[in-house]
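Residue strings, one per chain:
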Amino acid sequence: MAGQGPTVIQEINAKTWTIFGGLMISLTIFTTYVIYVIRGGQIFLPTISHTWEDPPGTYLSRFFVGYGTDVMYVAVIFIYWARVNARHAVEQRYTVSEKTLLIMGMVGIFCLSWVPPICDSSKPTCRGYNPIHDTFAVTFFVLYTAYLIIIQAQPMFQRSSSLRKIYGAFTFLSIITKTRFFIQLFAHGSTATFPILAVFEWTDTTIIVTWTCVYVSEHCQHLSWAIVHWSKEDRLAVESEFSDETVGPYIGLKQLRLLALTFCILTLVTTLIAGIITQTLPKDVIPFISDMWVYIPGDWISRWGTIRGCWCSIISQIMLYYSQKEVYPTLTVISIISLLGLSIVGSVNEQEDHAIHTFGAVLFFVLFDIYIIITASINPPNVSKCTIWGLTVFILFTHIRHLLPHIGAQWRVEPDVLLDIEAFLEWSDTFCIIAFMYLDVFYRDHTDEVFNMIVTNTQQRNRKEWRRVPQDEKTPRGTEDGYSLVIGTN
């Protein structure tokens, strides 16, 4: 008996997804370069990292390149899955496995994601560290170029002669640009005026982004990144009857939300420990969360960790929206905007630009608390009323911290006492939000049946039959326009 595969609720084509990520990174680099030049920097040619040392280049790189790398993780998975599906048509067995290539690509993107948070200057506008910055940057370029070269050396698809020439040119130029690392080693202190290092870096970056977009566009256009509904019974049937290659890589809503909360909690804990060890936190008072994100290494961790946590939270909020019978799109939008506000908080610390940092903090705390209060009123998780309303009332109470300066002036309370109370209430609000984010997913129906998955487009029918599935009262929203993937006997 055939098992029923996932029902696609929403999907984005691999080509569109990858080009979006490539443009996000490329436009950020171009924008920070233009700002750098307008502010008096050299026109030809700074290294990319030099355009990320001063605001707003520092903020833009942390925010947009951070989210761009998260998008590119999925692009690497597209390449992996397309090659795995094409493997049956290739008689030759290659030395490097597809899983090894996947790990190489993912680790390369991981290293790139750390380049903006740890910028290459120690000045106050940046507070980075050049040796670590360069280590991550070089590892990214070397590892991703090796990934590119091996994929070209182990072809899985038929290519036109023009495409082979394009790939060959990409590979050759990318290898040539790596000579800059040797030039940097042996030409230290050189007075040469031509910016060969910068030229090679810009060329290499352009090649890597372009190659990824072209490869996905040419060979992965039959794939999509989708939100799907897949019941436990059908999932177990398919997984028991067929190999791992039948169903694309996937992650469940509950697993993604757990990953998001892990990023949030680890960022808080590690930056607190780092602040205590380095003695950079205010003494004899409870530190505010923002106090932990100003100095090294707390600033590096927060710049990286908040983007990862917010990315996973945003995607899981969208998945949560599609998992429920009763849907409230405005609430989902409010929660997403609030999480973007938290991304701003992590990207711009309070000493770099207090106004922008505060704006992000207000967006996050006010909007997410509004989301919690309204959700608890009209569509609460499946927990006791005492639990949900106790949490909601306490969240409202934490906002008394905004009135503490006026209360302190009226009652002549010591400033340090007020700061301790305010910091305690901020921490309390934060952990209430974390608790609700957990309840919002783990204590609702159908949330264990919604997944992010790489799927084959509905037009492709190789070993799979797609048919329209009517929505019933137990089917999550969105499946009325979806298709069910039935693993048949074709």
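All figures in this text were calculated on a predicted structure; none of them were measured in a lab. (Residues numbered from 1 in each chain as written. Predicted model: local features only at pLDDT ≥ 70, side-chain atom pairs only at ≥ 80, totals over all residues. Heavy atoms only, no water.)

S.K.: With reference to specific residues and values, describe the pairing of strand β4 (residues 450–456).
M.R.: For β4, the buried fraction is high: seven of the seven residues fall into the buried class. Along β4, one buried face is formed by V450, N452, I454 and T456 and the opposite face, lined by F451, M453 and V455, is buried too. In this structure, strand β2 (residues 223–229) lies alongside β4, joined through seven bridges in antiparallel fashion. Residue pairing for β4: W225 is matched across the bridge by I454. Relative to β4, strand β3 (residues 250–252) runs antiparallel, the two sharing three bridges. What sits directly across from I251, in β4, is N452. (Buried < 20%, exposed > 50% of the residue type's maximum accessible area, 1.4 Å probe, protein only. Helix = DSSP H or I, 4+ residues; strand = E, 2+ residues; numbered from the N terminus. Pairing = 2+ DSSP bridges.)

S.K.: Quick rundown of the pattern of salt bridges? Include the residues and the values.
M.R.: This model, assessed by the stated rule, comprises 10 salt bridges. When the shortest N-O distance is used, the salt bridge between E53 and K123 registers 3.6 Å. Of the two residues, E53 sits in the loop between α1 (14–38) and α2 (57–86) while K123 sits in the loop between α3 (98–114) and α4 (130–153), which places them 70 residues apart along the sequence. Looking at E53, the relative accessible area reads 11%, which means it is buried. We note a salt bridge from R83 to E98, for which the minimum N-O separation is 2.8 Å. Here R83 is found in helix α2, whereas its partner E98 is found in helix α3, with 15 residues between them in sequence. Each of the two residues, R83 as well as E98, counts as buried. Salt bridges linked by common partners bring R62, D299, R303 and E352 together as one network. (Salt bridge = Lys/Arg side-chain N within 4 Å of Asp/Glu carboxyl O.)

S.K.: I'd like a rundown of the packing of aromatic side chains, residues and numbers included.
M.R.: Summed over the entire model, instances satisfying the criterion amount to 31 aromatic pairs. The interplanar angle of 75° and the centroid separation of 5.6 Å between the aromatic rings of W230 and Y250 together place this pair among those described as edge-to-face. Here W230, found in the loop between β2 and α8 (232–241), pairs with Y250, found in strand β3; they are 20 residues apart in sequence, far enough to count as distant. For the ring pair W427 and F431, a centre distance of 6.0 Å and an interplane angle of 20° mean the geometry is stacked. (Phe/Tyr/Trp six-rings, centres within 6.5 Å; stacked < 30°, edge-to-face > 60°.)

S.K.: Quick one: what's the story with the packing of α2 against α4, residue by residue and with numbers?
M.R.: With their axes 13 Å apart at the nearest point, α2 and α4 run at an angle of 20° to one another. Accordingly, the angle class assigned to the pair α2 and α4 is roughly parallel. Judged by the sense of rotation from one axis to the other, the crossing of α2 with α4 is left-handed. Of the residues in α4, those in contact with V76, I79 and R83 of α2 are Y144, Y147 and I151. Per-class residue counts for the contact of α2 with α4 are five nonpolar, no polar and one charged. (Axes fitted to C-alpha atoms, helices over the stretch in contact; angles between N-to-C directions. Parallel < 35°, antiparallel > 145°, perpendicular 65-115°, else oblique. Left-handed = near helix turned anticlockwise from the far one by under 90°. Contact = heavy atoms within 4.5 Å. Nonpolar A, V, L, I, M, F, W, Y, C, P; charged D, E, K, R; others polar.)

S.K.: Describe a nonpolar patch on the surface, with residues and values.
M.R.: There is a patch of nonpolar side chains on the surface, built from V362, V366, I370, I374 and I378 and spanning about 350 Å² of accessible area. On the secondary structure map, I374 appears in helix α12 (residues 354–378). Here I374 falls in the partly exposed class, since its relative accessible area comes to 34%. (Patch = residues over 30% accessible without salt bridge, like charges linked within 9 Å, V, L, I, M, F, W, Y side chains within 5 Å. Areas by Shrake-Rupley, 256 points an atom, 1.4 Å probe, with all protein chains shown as cover.)

S.K.: Describe in detail the side chain of H219, supporting the description with residues and values.
M.R.: Locating H219 in the fold gives a position in helix α7 (residues 196–219). Engagement of the side chain of H219 in a polar contact is seen with the side chain of Y167, the distance being 3.2 Å. Not counting the four nearest positions on each side in its chain, H219 is found in contact with A82, F157, Q158, R159, L163 and Y167. (Polar contact = N/O pair within 3.5 Å; in protein donor to acceptor, adjacent residues only side chain to side chain.)

S.K.: Describe the state of the cysteines, with residues and values.
M.R.: Scanning the entire structure with this criterion turns up one disulfide. Bridging C119 to C126, the disulfide has an S-S length of 1.6 Å. There is no split in this pair, since C119 and C126 are both buried. Lacking any disulfide linkage, C264 is separated from the closest cysteine sulfur, that of C310, by 6.4 Å. (Disulfide = S-S within 2.5 Å.)

S.K.: Pulling in residues and values, what's your account of the nonpolar core?
M.R.: Of all hydrophobic cores here, the largest spans 111 residues; its most connected members are F78, Y147 and W211. Take this core: its biggest share by element is 16 residues, from α2. Those residues within four positions of F78 in sequence are excluded, and the remaining contacts are A14, W17, T18, C220, L223, S224, W225 and I454. Residues V8, V228, V247 and M453 belong to the second largest nonpolar core, which totals eight residues. (Core = buried A, V, L, I, M, F, W, Y, C linked by side-chain atoms within 4.5 Å.)

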